[in-house]
Amino acid sequence: MTTYVVLNQKGGVGKTTLAANLAAVFASAIAPVGDDDTDSPVLLASIDPQGSAVWWAERAAELPFRFSAVNQEGILPRVPSLPGVEHVFIDTPGWIGDTQDYASEGLAGRLLDEALSIADMAIVPITPEALSFDPTARTIRDLLEPRGIPFKVVVNQWDPRDGDRDLNQTRDFVNRSGWPLSHAVIRRYKVHSHAAAKGQVVTDYPDNKVSVRAVRDFEQLALALKVGA
Ligand SMILES: Nc1ncnc2c1ncn2[C@@H]1O[C@H](COP(=O)(O)OP(=O)(O)O)[C@@H](O)[C@H]1O
Ligand SMILES: [Mg+2]
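Computed from a predicted structure; not experimentally measured.

1. A few points about the overall build of the chain
Scanning the chain for helices and strands turns up eight helices and seven strands. A compact globule built from 229 residues should have a C-alpha radius of gyration of about 17 Å, and the chain, at 16 Å, falls within 12% of that. Overall, the chain is about 45 × 45 × 30 Å in size when its C-alpha atoms are taken along their principal axes. Of the contacts formed within the chain by residues at least 6 apart in sequence, a portion of 79% connects residues at least 24 apart. Carbon and sulfur atoms provide 48% of the accessible area of the chain, an area that totals close to 10600 Å². Between the averaged position of the 22 positive side-chain charges in the chain and that of its 29 negative side-chain charges there is a distance of 7 Å.

Structure follows, in structure tokens:
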């Protein structure tokens, strides 16, 4: 079993979007879309109490993966022994203030601690804007590096119409910081935010030109995670 935790203390960078859509792409690679989700080998777990993932799951008529909203301690540590689950994605909340306080105090901090203790790898979404640099740095330095958890930074919400400047600045920042950066970039497409509002994941997108690009970004990210690129 491989467990990925998706985290960044900054809200709105795409934690929920990445966690849910990676789960969808992994699930569709393993089992035909439309298969019964109850015994899917892919699990999306959300430890976000105001979870948009929870909200999403309520709206999704048929998610192609198992979904679990985790709001008490002791559940995540049992995940690695769940029969039939091969890939786990954990969606986490953003938070303000001191990172270490967050991780050491309160239920949210203890759940995050449990998530990190079962994580094989962390996925850290970053948006191509200077505002997300500091929170990303704190997330990595305070939570991931001390625990020695391997991670990948993934640029999300890059709008190709804005040109390469912001993307390159973000890549430079990540490279200068010495962090592993995924070559796969998730572009900004309205279809993603519209889909979230409708409770859809990428594998539900209509078959048109833009959707195909939007889906391909997630397929490439999934592939990059599998081959370690
Ligand atoms: N690649 C993208 N393209 C378009 N909209 C996106 C993309 N990624 C995220 N969004 C939208 O941005 C908002 C914040 O994303 P979300 O995944 O909820 O972030 P987080 O979980 O980190 O707070 C949501 O409305 C979501 O639909
Ligand atoms: Mg979220």
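That shown, we press on.
2. Remarks on the site of ligand 1
Taken together, 16 residues are adjacent to ligand 1, and Gly12, Lys15, Thr17, Asn156 and Arg187 come closest. At a separation of 3.0 Å, an oxygen atom of ligand 1 approaches a polar backbone atom of glycine 14. Contact with the protein chains removes 79% of the 560 Å² of surface that ligand 1 exposes when unbound. Here ligand 1 occupies the largest pocket. Put simply, the parts of the chain that give the shell around ligand 1 at least two residues each are α1 (15-30), β6 (151-158), β7 (186-187) and α7 (190-198). Of the residues that constitute the shell around ligand 1, the class distribution is four nonpolar, nine polar and three charged.

3. Things to note about the pairing of strand β1 (residues 2-6)
Working note: regular strand, side chains alternate between the two faces of the sheet. The element β1 is extensively covered by neighbouring structure, given that four of its five residues are classed as buried. As defined by bridge partners, β1 adjoins strand β4 (residues 87-91) across five bridges and the pair is classed as parallel. If you follow valine 6 over to β4, its bridge partner there is aspartate 91. Two strands pair when backbone bridges link them, and β1 and strand β5 (residues 121-126) are joined in this way by three bridges, in the parallel orientation. Within β5, the position partnered with valine 6 by the bridge is isoleucine 123.

4. Here's the deal with the sheet that holds strand β2 (residues 42-46)
Across the sheet, seven strands lie side by side as β3-β2-β4-β1-β5-β6-β7; this open sheet has parallel pairing. The open sheet is flanked by β3 (66-69) and β7, the only strands paired with a single partner. Bridge count between β5 and β6: five bridges; the pairing is parallel. Across the sheet, the residue bridging to valine 124 is valine 153, located in β6. Sitting on the sheet, helix α5 (residues 133-144) is in contact with β5 and β6, with an inclination near 165° to β5.

5. Focus: the environment of arginine 59
Inspection of the secondary structure assignment puts arginine 59 in helix α2 (residues 52-59). You can call arginine 59 partly exposed: its relative accessible area is 39%. In this structure, arginine 59 is in contact with Ala197, Lys198 and Gly199, ignoring residues within four places of it in sequence.

Reading the values: rules and limits
Residues numbered from 1 in each chain as written. Chains lettered and ligands numbered in written order. Predicted model: local features only at pLDDT ≥ 70, side-chain atom pairs only at ≥ 80, totals over all residues. Heavy atoms only, no water. Helix = DSSP H or I, 4+ residues; strand = E, 2+ residues; numbered from the N terminus. Rg over C-alpha atoms; globule rule 2.2 N^0.38 Å. Contact = heavy atoms within 4.5 Å. Areas by Shrake-Rupley, 256 points an atom, 1.4 Å probe, with all protein chains shown as cover. Lys, Arg positive; Asp, Glu negative; His and termini not counted. Charge placed at Lys NZ, Arg CZ, Asp CG, Glu CD. Near = heavy atom within 4 Å. Polar contact = N/O pair within 3.5 Å; in protein donor to acceptor, adjacent residues only side chain to side chain. 1 Å grid on protein atoms, 1.4 Å probe; cavity = no way out; pocket = protein on both sides within 12 Å on 5 of 7 lines; lining within 4 Å. Sits in = over half its atoms within 2 Å of the grid points. Nonpolar A, V, L, I, M, F, W, Y, C, P; charged D, E, K, R; others polar. Buried < 20%, exposed > 50% of the residue type's maximum accessible area, 1.4 Å probe, protein only. Pairing = 2+ DSSP bridges. Axes fitted to C-alpha atoms, helices over the stretch in contact; angles between N-to-C directions.

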